[in-house]
Amino acid sequence: MKCFSRYLPYLFRPPSTILSSTCHTEADIISTVEFNSSGELLATGDKGGRVVVFQREQESKSQPQRRGEYNVYSTFQSHEPEFDYLKSLEIEEKINKIKWLPQQNAAYFLLSTNDKTVKLWKISERDKRPEGYNLKDEDGRIRDPSTITSLRVPVLQPMDLMVEATARRVFSNAHTYHINSISVNSDLQTYISTDDLRVNLWNLEITDRSFNIVDIKPANMEELTEVITSAEFHPQHCHTFAYSSSKGSIRLCDMRQAALCDKHCKYFEEPEDPSTRSFFSEIISSISDVKFSHNGRYLMTRDYLTVKVWDLQMENKPLETYQVHDYLRGKLCSLYENDCIFDKFECVWNGSDSVIMTGSYNNFFRMFDRNTKRDVTLEASRENSKPRAILKPRKVCVGGKRRKDEISVDSLDFSKKILHTTWHPQENIIAVAATNNLYIFQDKVN
Amino acid sequence: PCCAIGPPGGADGDDSLYPIAVLIDELRNEDVQLRLNSIKKLSTIALALGVERTRTELLPFLTDTIYDEDEVLLALAEQLGNFTMLVGGPEYVHCLLPPLESLATVEETVVRDKAVESLRKISQEHSPVDLEVHFEPLVKRLASGDWFTSRTSACGLFSVCYPRVSSTVKAEIRQHFRTLCSDDTPMVRRAAASKLGEFAKVLELDYVKSDIISLFTALASDEQDSVRLLAVEACVSIATLLPQEDLETLVMPTLRQAAEDKSWRVRYMVADKFSELQKAVGPEITKNDLVPAFQNLLKDCEAEVRAAAANKVKEFCENLPEDNREQIIMTHILPCVKELVSDTNQHVKSALASVIMGLSTILGKDNTIEHLLPLFLAQLKDECPEVRLNIISNLDCVNEVIGIRQLSQSLLPAIVELAEDAKWRVRLAIIEYMPLLAGQLGVEFFDEKLNTLCMAWLIDHVYAIREAATCNLMKLVEKFGADWAQNTIVPKVLGMANDPNYLHRMTTLFCINALSDVCGRDITTKQMLPVVLKMSEDQVANVRFNVAKSLQKIGPVLEKITLQNQVKPVLDKLATDKDMDVKYFAHEALSGECLPYEYKKLQWSSMLCVLVYARPQLLDSS
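Please read these numbers as outputs of a predicted model, since none were measured by experiment.

Draft legend 1. Quick peek at the overall build of chain B. For chain B, the helix and strand inventory stands at 36 helices and 0 strands. Here the C-alpha radius of gyration of chain B, 35 Å, is well above what a compact globule of 622 residues would show, namely 25 Å. Overall, chain B is about 100 × 80 × 35 Å in size when its C-alpha atoms are taken along their principal axes. Looking at the 622 residues of chain B, the share that counts as buried comes to 57%. For chain B, restricting intrachain contacts to residue pairs at least 6 apart in sequence, the fraction spanning at least 24 positions comes to 69%. Separation between the mean location of the 64 positive side-chain charges and that of the 88 negative ones in chain B comes to 5 Å.

Draft legend 2. Broad picture of the confidence of the model for chain B. Residues and elements named next belong to chain B. Taken as a whole, chain B shows an average pLDDT of 85; of its residues, 93% reach a score of 70 or greater. Per-element confidence in chain B is highest for helix H7 (residues 109-123), whose mean pLDDT is 96, and lowest for helix H36 (residues 604-613), whose mean pLDDT is 33. Note that residues 1-13 has pLDDT below 50 and, in this model, 18 contacts with residues that lie over four places away or in other chains. Across residues 593-622 the pLDDT falls below 50, and counting only partners more than four positions away or on other chains, this stretch makes 44 contacts in the model. In the model output, the complex is listed with pTM 0.79 alongside ipTM 0.85.

Draft legend 3. Structural detail: the pairing of strand S27 (residues 364-369) of chain A. Residues and elements named next belong to chain A. Burial within S27 is extensive, with 6 of its 6 residues counted as buried. By the alternation rule, side chains of S27 split into Phe-364, Arg-366 and Phe-368 and Phe-365, Met-367 and Asp-369, which are all buried. As defined by bridge partners, strand S26 (residues 355-359) adjoins S27 across 5 bridges and the pair is classed as antiparallel. Across the sheet, the residue bridging to Gly-359 is Phe-365, located in S27. Here S26 hands over to S27 after 4 residues, with Asn-362 in that stretch at a positive phi of 60°. By the bridge criterion, 5 bridges tie S27 to strand S28 (residues 375-379) in an arrangement that is antiparallel. Within S28, the position partnered with Phe-364 by the bridge is Glu-379.

Draft legend 4. The arrangement of the interface of chain B and chain A in detail. Listed per partner, the contact involves 47 residues of chain B and 43 residues of chain A. Taking both partners together, chain B and chain A bury about 4100 Å²; carbon and sulfur atoms supply 54% of that area. Looking at the side of chain B facing chain A, the largest losses of area belong to Arg28(B), Tyr67(B) and Glu107(B), adding up to 19% of the total buried there. Across the contact surface, chain B and chain A share 6 salt bridges. The residue Glu107(B) makes a salt bridge to Lys122(A) at a minimum N-O spacing of 2.7 Å. Here chain B is connected to chain A by 20 residue pairs in polar contact (both at pLDDT 80 or more). Going through the elements one at a time, helix H2 (14-26), helix H4 (42-64), helix H9 (148-155), helix H12 (186-202), helix H14 (225-241) and helix H17 (264-272) of chain B are the ones with two or more residues in the side of chain B that touches chain A. The dominant element in the side of chain B that touches chain A, judged by the number of residues it contributes, is H2(B), at 8 residues.

Draft legend 5. Main features of helix H11 (residues 167-181) of chain B. Residues and elements named next belong to chain B. With 15 residues, H11 extends 21 Å from end C-alpha to end C-alpha; this agrees with the ideal 21 Å at 1.5 Å per step. Looking at H11, one finds that the buried residues are Val-169, Lys-170, Ile-173, Arg-174, Phe-177, Leu-180 and Cys-181. Along the long axis of H11, the arc covered by the buried residues comes to 145°, so they all point the same way. Against the buried residues of H11 lie helix H8 (128-143), H9, helix H10 (158-161), H12 and helix H13 (205-220).

What counts as what
Residues numbered from 1 in each chain as written. Chains lettered and ligands numbered in written order. Predicted model: local features only at pLDDT ≥ 70, side-chain atom pairs only at ≥ 80, totals over all residues. Heavy atoms only, no water. Helix = DSSP H or I, 4+ residues; strand = E, 2+ residues; numbered from the N terminus. Rg over C-alpha atoms; globule rule 2.2 N^0.38 Å. Buried < 20%, exposed > 50% of the residue type's maximum accessible area, 1.4 Å probe, protein only. Contact = heavy atoms within 4.5 Å. Lys, Arg positive; Asp, Glu negative; His and termini not counted. Charge placed at Lys NZ, Arg CZ, Asp CG, Glu CD. pLDDT = per-residue confidence, 0-100. Pairing = 2+ DSSP bridges. Buried area = accessible area lost by both parts, 1.4 Å probe. Salt bridge = Lys/Arg side-chain N within 4 Å of Asp/Glu carboxyl O. Polar contact = N/O pair within 3.5 Å; in protein donor to acceptor, adjacent residues only side chain to side chain. Expected span 1.5 Å × (residues − 1). Arc of directions from axis to C-beta.

And the structure:
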């Protein structure tokens, strides 16, 4: 394992292009971003229900340094706005999550979900097209049937590469509440979809049946104290999955024990520190994302102010806790008033599980090196995205004297938030979604 | 690529070519249905093209058309399995391999499976030489393909070529199968596990012992639950192949481990395959190993496993070695079964109820009366209707063992009790089982014990019960015949026409509606019709308009002359009734008199009709 911590802060070099839409509307806001298992493809979903897939440029001998640019490969409308007439509810087209399936043949497959419906998409290439009709001539004119004296079999001719996206399966009608996450099992046969109160297990090939494996809905909804915020399968153990709750706890379930996983087998929770208890304690302890490390030993959770790493063998406290933006602790009141306190930040591991990354406000995002315990704040913005430039670390100062290059807490822009990020599964390439812009940064090539 | 067609089509020119030309063009039509239609007529196209052009033009085109919808590809994969003659017979059958090979790599499982099925089929049409020159290389290509889709397909092809190739190629095939059993992707391991039994069957016994057993053991301890559970299935075939003395060392350790697997899904699979496993391992091992294993499965902590095991109780007991079958059941199985009767999960109870009655034939009269009857009784009173239904629908096998008298003494009170339950939904459930019971118990017993109940339901105070009761009568008449109806139920039904309660009088009409068809013209004309006609003078308007409706219903059963002389005058009179609704239905009946009779179960819509027209102020004056 190469140790990148040697040169923290990361020398992330922005590519020459920032992928963004020119007109900035609500529908263009990126709502999820995800690399596939090889890192060759990157998918984003937005509030308008679109999925954009980027493909990494193939390495060329003449310009080896250009390797790494991601270009648009396919764009398609995954979900449309709908209306549930029975419940008088509008169903947004916003893509909540995208998960890639491991490649199984020449085509690529991904799952995309909005609040209610999960879809399996196939993205495939076509470079041949049949030519030659019997009843029409070359120009498409209908031929006189009496002139047909022989039969022609169409012949496939090369054509310009065309990338098609087709919906292969639609998994619907299984969720009463809003789907917050989907996760594919390592058996590559099943996946789970999770809403606020339930986890459903699906077979990827069967759309008319799903199994409810977790249900935390109380008989009386007034007794509801906790909702599920996110769930994920273990990367290797097909029987294990974890789900996080709004109360700051994580439950690990073993699907071998019983068909219903209402009883967890492990419960991770950190006892609350009474000295810091406040009105906001419960809100800020709500977990917005849970991710297994690639090696399956750790769980990472993100709450409003921190990222925590848990060892699966230790339930009573996290192994590591990283402050993402502790300087906001004094501003919780105003963050509550502008609803920012409910923002759901995601978190990601790098390929070797040694570094973690998560977002913040003012288009800042944070990285923590687990080995050296060093951390860095970087900014995704057009201004400092000159080609070949190296991202400069940013600092936020709290009160008192502000040094040059530092930014005061009071001047942070809370409308610019980085909620969704993803890390290339092997290399140091990250993709950061900042409202309608997607920034792809790459580690400096030595 | 446009050339004149040979003699078969060329002679009579355009007329015969045109439809084929359309079919070929529609292979690429935008409408899936048209494409599908063309693919389904692929043999017509091939026949018109002749064998040579089919081989050189049509098949290459089809090989590359894997972009299509699943249903089109599925149809194509199926067609190609029957294409041997169309490409020129067995000599050229290998030309079909390329298109099937590309279909065997698509992502859609049903299409792949169909392509494999067709490949297996045409493999039989290959000569031994062609099999080694063309078919076996294809299997190898698939087995070492980049994508798991092709490797999964390969798993299903080994067993068809293995018996027909040389020993060197056999060794290669075994090696390929070994490799796939430890493939990186769980899909391929699953495919290999599911074909393990089939492959074992074509292998020489020595290789089964050396190769298959180690693969089986490895798959049965795979990290993926979904792979381990498929190994259980393979266990059945492997155990059948091995001599008894090898089972203990080669198969049993793995089977024991599977029966106690950490994952309930694997244990479920063991329970589900239990009868097959029992047959495969023979009586000795069953006695020593499977009995305790089965006990554990019946007591499993997961309800799904208990239900699967409960389903097998009868089969398992039946297949126990006869010499000490009874003793094993009484001491080992029955105690577990007793516990399942009061299981917390209704699926478990319902699974048990569907087979438990079968134990009586195995255990004989005395044991049944002493040990099983209490269990039947408990299940008959279960809160879950499915459990009760499963018991009632299997009463006949107990009947055979203990006789109808014994049965009536013990079970009937329970049924009667349910029939008079205070909750109308419970009564409804029992009514629905009545025709089934009647069939199992026979007419004599029915008349003696149950007939009174069926008639009592007709005057139930809940409409849904009365409605179900009329429907029940119809089904009983279907079972016991018109003669029985005439003697037992028709008099009682008609007697109700004089009941002081107008609701009961209406029930008479509803019964007649339901019964006229099954009772036939004779009974309807001679017995029912006079009563209906007389009721047209009823003082309650609801009864009168129902008379009009009944006349319309039974009309088609009656003779023309009866309609003319008896029915029409009454309807004419009702058509001038002072009540608006009576008039309306009389007119309806007069205009629709000859509509074909179609019995429709009285449903909520008809009940709605009663509600709409019911006028309480006209309630019977008495």
